[in-house]
Amino acid sequence: MVPTVTLNNGVEMPRLGLGTAGPGDEETRRRVREALSLGYRLVDTAARYGNEVGVGQGIADSGISREDVFVGTKLRGSDQGYDSTRTALDASLNRLGLDYVDLYLIHWPLPRLDQYAESWRAMAEMLADGKIRAIGVSNFLPEHLDRLAATSSVVPAVNQIELHPRLPQREQRADDDRRGIVTQSWSPLAKAGDVINDPVLSSIGSRYGKTPVQVILRWHVQQGLVPIPKSGNADRLRQNLEVFDFELTGDDLAQIATLDSGTRVGGQDPRTHEEF
Ligand code: NAP
């Protein structure tokens, strides 16, 4: 059983989940079904991924009760704005085949558009309507969170940001913590790039009988971060869940800190990155 973290509105969220960006509906359906059978209970998707139908089908196939799965999806850029946010959630629920989602996030702040505060106003209302159990943001910087705080009494439950040992995001994490926001880590394995072959990680892992990827995922959960690694492979899906039975030492964490290079996997800076 994956342990949970309590969000700022009392909702429980698993401390590790499945990422689904990329594959289409059929492959997503297979992955979600497989992951749920292995014990995953959090699935992250987005309207923009074009696979919410597959996520819903995978959940239905699994036979697991709806209330035992935590489903998060996201408002895409082209749907930002008060009215369009309300319509977009209904469209996502329709594609997912669900009555509610557990978490609804604004995918990117898109400051040039200047619509995120209006989108948030709609989301806060929909939270009260019961179609969403928690609301949050993704790729938000302190300046964007300040703006929400100035216009709404609802504090985001989650900020989902790029975060891995190459980009540990210490300042943003501290800012999220200060506000009572749980940080979810996207691309938690840095897309399985060079970092997973780093000897620092293999040497730490060898002491616990764990792989470098398991060391990375443990690094996330031990710091209160919620990673959502993606995999299409059953063995790797299983391996990625087996990170709740060992503990990194302070010295391990200090060694992992040396892997910080400040690099983003896709160069997507929230100040300027736009996707719709
Ligand atoms: P990731 O999870 O860091 O890495 C995925 C890659 O790692 C896949 O190529 C996978 O290959 C490989 N992998 C997984 N487990 C492995 C293991 N145990 N050993 C070796 N390789 C392994 O990257 P991501 O998909 O970019 O990020 C995860 C999720 O974050 C996404 O799917 C999405 O849900 C979310 N996300 C959100 C945003 C946002 O703006 N909010 C942006 C990007 C991503 P195999 O399939 O072959 O195992």
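See the structure above.
Below, the structure is looked at part by part. Not measured: the values here are computed from a predicted model.

End to end, helix H1 (residues 25–38) covers 20 Å across 14 residues, agreeing with the expected 20 Å (1.5 Å per residue, within 8%). Residues Thr-28, Arg-31, Val-32, Ala-35 and Leu-36 constitute the buried set of H1. For H1, the angular spread of the buried residues around the axis is 125°, confining them to a single face. H1 presents Glu-26 and Ser-37 as exposed residues on the side facing more than 90 degrees away from its buried surface. Along its buried surface, H1 packs onto strand S3 (18–19), strand S4 (42–44), helix H2 (52–62) and helix H9 (234–241).

The next subject is the nonpolar core. Formed by 55 residues in total, the largest nonpolar core has its most connected members in Val-101, Tyr-104, Ile-106 and Ile-256. When residues in this core are grouped by element, the largest group, 6 residues, is from helix H8 (residues 212–222). When neighbours within four sequence positions are excluded, Ile-106 is seen to be in contact with Leu-75, Gln-80, Tyr-116, Ser-119, Trp-120, Met-123, Gly-136, Val-137, Ser-138 and Phe-140.

Tallied over the full model, the rule gives 25 salt bridges. Between Arg-29 and Glu-26 there is a salt bridge, with its nearest N and O atoms 3.8 Å apart. Linking Arg-29 with Glu-26, this pair stays in helix H1, spanning 3 residues, or about one helical turn. The partner of Arg-66 in a salt bridge is Asp-102, and the shortest N-O contact between them spans 2.9 Å. One end of the pair, Arg-66, is in the loop between H2 and strand S5 (70–75); the other, Asp-102, is in strand S6 (residues 101–106), with 36 residues separating them in the sequence. The network of salt bridges with shared partners includes Glu-26, Arg-29, Arg-33 and Asp-61.

Note that Pro-229 resides in the loop between strand S10 (226–227) and H9. Look at Pro-229 and you get buried, because its relative accessible area is 1%. Separated by 38 residues in sequence, Pro-229 and Lys-191 place their C-alpha atoms 8.6 Å apart. In contact with Pro-229, not counting residues within four places along its chain, are Leu-16, Gly-17, Leu-18, Gly-19, Pro-188, Leu-189, Leu-217 and Asn-240.

A few words now on the pairing of strand S8 (residues 158–162). Counted residue by residue, S8 has 5 buried out of 5 residues, so it is predominantly covered. Between the parallel elements strand S7 (residues 132–138) and S8, the chain passes through helix H5 (residues 142–151) in a crossover that is right-handed. When S8 meets strand S9 (residues 182–186), the two strands line up parallel, connected through 5 bridges. Opposite Glu-162, over in S9, you have Trp-186 as the bridge partner. Between the parallel elements S8 and S9, the chain passes through helix H6 (residues 170–179) in a crossover that is right-handed.

Conventions and cut-offs
Residues numbered from 1 in each chain as written. Predicted model: local features only at pLDDT ≥ 70, side-chain atom pairs only at ≥ 80, totals over all residues. Heavy atoms only, no water. Helix = DSSP H or I, 4+ residues; strand = E, 2+ residues; numbered from the N terminus. Expected span 1.5 Å × (residues − 1). Buried < 20%, exposed > 50% of the residue type's maximum accessible area, 1.4 Å probe, protein only. Arc of directions from axis to C-beta. Contact = heavy atoms within 4.5 Å. Core = buried A, V, L, I, M, F, W, Y, C linked by side-chain atoms within 4.5 Å. Salt bridge = Lys/Arg side-chain N within 4 Å of Asp/Glu carboxyl O. Right-handed = clockwise from strand over helix to strand, strands pointing away. Pairing = 2+ DSSP bridges.

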